[in-house]
Amino acid sequence: MEELKLVGKIAADKESKKLGRIIKIENIEDQKTKIPKPNVLVLVSKPFRKDIVILIEVSKLLREEAEYVWFDIFKKDFDQEVRETRALINL
């Protein structure tokens, strides 16, 4: 699997803003089609907050360099996903 070389790199958005560190790649079923697709698990660490893992589809990959990987996503959309996931955890 060629995606395994992404593990350990830093995920960034279209505008090169840091999202988090890639910790794992897993095939996870799509909720609608039930077809497994490769997803990147991004660890988001913030001071005084609990660490959280967010999924990004590998199909959103734009480019990859030595230490960074860019995805077709904006930081504000990613932060919204983080807020929603934190809210679900706190229920």
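No experiment lies behind these values; they were computed from the predicted model shown.

Novice: Can you lay out the nonpolar core for me, pointing to particular residues and giving the numbers?
Specialist: Counting residues in hydrophobic clusters, the biggest one holds 17 residues, and the most contacted among them are I22, V40, V42, F71 and F78. Contributing elements (two or more residues each) for this core: β2 (18–29), β3 (36–44), β4 (52–57), β6 (68–71) and α1 (75–90). If near-sequence neighbours (up to four positions away) are discounted, V42 is found in contact with A11, L19, G20, R21, I22, I52, V53, I54, I56 and F78.

Novice: I'd like to hear about α1, residue by residue, with values.
Specialist: Across its 16 residues, α1 extends 22 Å between first and last C-alpha, which sits within 8% of the 22 Å expected from 1.5 Å per residue. Along α1, the residues that are buried comprise F78, D79, V82, T85 and R86. The buried residues of α1 all sit within an arc of 120 degrees when viewed along its axis, so they share a single face. Exposed and oriented more than 90 degrees from the buried face of α1 are K76 and L88. The inward-facing, buried residues of α1 abut β2, β3 and β4.

The rules behind each value
- Residues numbered from 1 in each chain as written.
- Predicted model: local features only at pLDDT ≥ 70, side-chain atom pairs only at ≥ 80, totals over all residues.
- Heavy atoms only, no water.
- Core = buried A, V, L, I, M, F, W, Y, C linked by side-chain atoms within 4.5 Å.
- Buried < 20%, exposed > 50% of the residue type's maximum accessible area, 1.4 Å probe, protein only.
- Helix = DSSP H or I, 4+ residues; strand = E, 2+ residues; numbered from the N terminus.
- Contact = heavy atoms within 4.5 Å.
- Expected span 1.5 Å × (residues − 1).
- Arc of directions from axis to C-beta.

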